[in-house]
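A structural walkthrough
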Amino acid sequence: MNTMNRTGVERALRLLENLPEDAMEAVACLGEARGLLDAALNDAMAEAALQGASLRSVALRAGLSPNAVPPRLARTDSLGAYTDPDGKVSSTSVERARYDSELGRPAPEPRTAFKRRRPTS
């Protein structure tokens, strides 16, 4: 696990250790901890996929449905550039990322989304 993930996990643990008594403040702390842990989980899943694990096996280990993994991988730094137009990372995209990594090639430029200048009538 990289340093950024470890820092997020440690911060989440501190939040969980010091939960406030007030219910609304506890909700805020738990929500922040969940966000930090989700980001760490996404990065760990991307790392596992890049190391050769299938998306299905990653989903199984994470306790997620196989359909939940591709959009989560698309939100990571390591696989975000391999996202398809639907906002997901496919197994083919992961294969390309592995190949690029083995050759020492940089990731492709992220796709830019088309944005209309004028609203449609």
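Reference entry: report on the structure contained in this document.

The rules behind the values
Residues numbered from 1 in each chain as written. Predicted model: local features only at pLDDT ≥ 70, side-chain atom pairs only at ≥ 80, totals over all residues. Heavy atoms only, no water. Helix = DSSP H or I, 4+ residues; strand = E, 2+ residues; numbered from the N terminus. Buried < 20%, exposed > 50% of the residue type's maximum accessible area, 1.4 Å probe, protein only. Polar contact = N/O pair within 3.5 Å; in protein donor to acceptor, adjacent residues only side chain to side chain. Contact = heavy atoms within 4.5 Å. Salt bridge = Lys/Arg side-chain N within 4 Å of Asp/Glu carboxyl O. Patch = residues over 30% accessible without salt bridge, like charges linked within 9 Å, V, L, I, M, F, W, Y side chains within 5 Å. Areas by Shrake-Rupley, 256 points an atom, 1.4 Å probe, with all protein chains shown as cover. Core = buried A, V, L, I, M, F, W, Y, C linked by side-chain atoms within 4.5 Å. Arc of directions from axis to C-beta.

**A closer look at the environment of Leu 55**
Looking at the secondary structure, you find Leu 55 in helix H3 (residues 55-62). With relative accessibility at 15%, the residue Leu 55 sits in the buried group.

**What about the side chain of Arg 72?**
With respect to the helices and strands, the residue Arg 72 is situated in helix H4 (residues 69-74). Here the side chain of Arg 72 touches Asn 42 through a polar contact of 2.7 Å, side chain to side chain. Those residues within four positions of Arg 72 in sequence are excluded, and the remaining contacts are Asp 38, Leu 41, Asn 42, Met 45 and Leu 64.

**A short note on the pattern of salt bridges**
This structure, assessed with the given rule, holds five salt bridges. One salt bridge connects Glu 32 with Arg 11, and the closest N-O pair in it is separated by 2.4 Å. In this pair, Glu 32 sits in helix H2 (residues 23-50) while Arg 11 sits in helix H1 (residues 3-17), placing the two residues 21 residues apart along the sequence. Taking the relative accessible area as the measure of exposure, Glu 32 reaches 34% and is therefore partly exposed. Among the residues examined, Arg 11 registers a relative accessible area of 38% and is labelled partly exposed. Residue Arg 96 pairs with Asp 100 through a salt bridge whose shortest N-O separation is 3.4 Å. Note that Arg 96 and Asp 100 are positioned in helix H5 (residues 91-103) at a spacing of four residues, about one turn of the helix.

**Regarding a nonpolar patch on the surface**
Together, Leu 13, Leu 16, Leu 19, Leu 30 and Leu 37 give the surface a local cluster of nonpolar side chains, amounting to about 390 Å² of exposed area. Elements with a contribution of two residues or more to the nonpolar patch: H1 and H2. Assignment of secondary structure puts Leu 37 in helix H2.

**Details of the nonpolar core**
By size, the foremost hydrophobic cluster in this structure holds 15 residues, and its most contacted members are Leu 55, Val 69, Leu 73, Leu 79, Val 89 and Val 94. Counting residues per element, the ones that place at least two in this core are H2, H3, H4 and H5. Contact partners of Leu 79, with chain neighbours within four places excluded, come to Ala 46, Leu 50, Leu 73, Val 89, Val 94 and Ala 97. Leu 15, Cys 29, Ala 33 and Leu 36 belong to the second largest nonpolar core, which has five residues in total.

**Regarding H3**
Because an α-helix packs 3.6 residues into every turn, residues spaced three or four apart end up facing the same way. Listing the buried residues of H3 in full gives Leu 55, Val 58 and Ala 59. Looking straight down H3, one finds its buried side chains confined to an arc of 100 degrees; they lie on one side. Exposed side chains of H3 directed beyond 90 degrees from the buried face belong to Arg 56, Leu 60 and Arg 61. Of the surrounding elements, those touching the buried residues of H3 are H2, H4 and H5. Immediately beyond the C-terminal end of H3, within one or two residues, lies Gly 63, with a positive phi of roughly 75 degrees.

**Observations regarding the environment of Lys 88**
For Lys 88, the position within the fold is in the loop between H4 and H5. Judged by relative accessible area, which is 39%, Lys 88 ranks as partly exposed. For the pair Lys 88 and Ala 74, spaced 14 residues apart in sequence, the C-alpha separation works out to 5.4 Å. If we ignore the near neighbours within four places in the chain, the residues touching Lys 88 are Pro 70, Pro 71, Ala 74, Tyr 82 and Thr 83.

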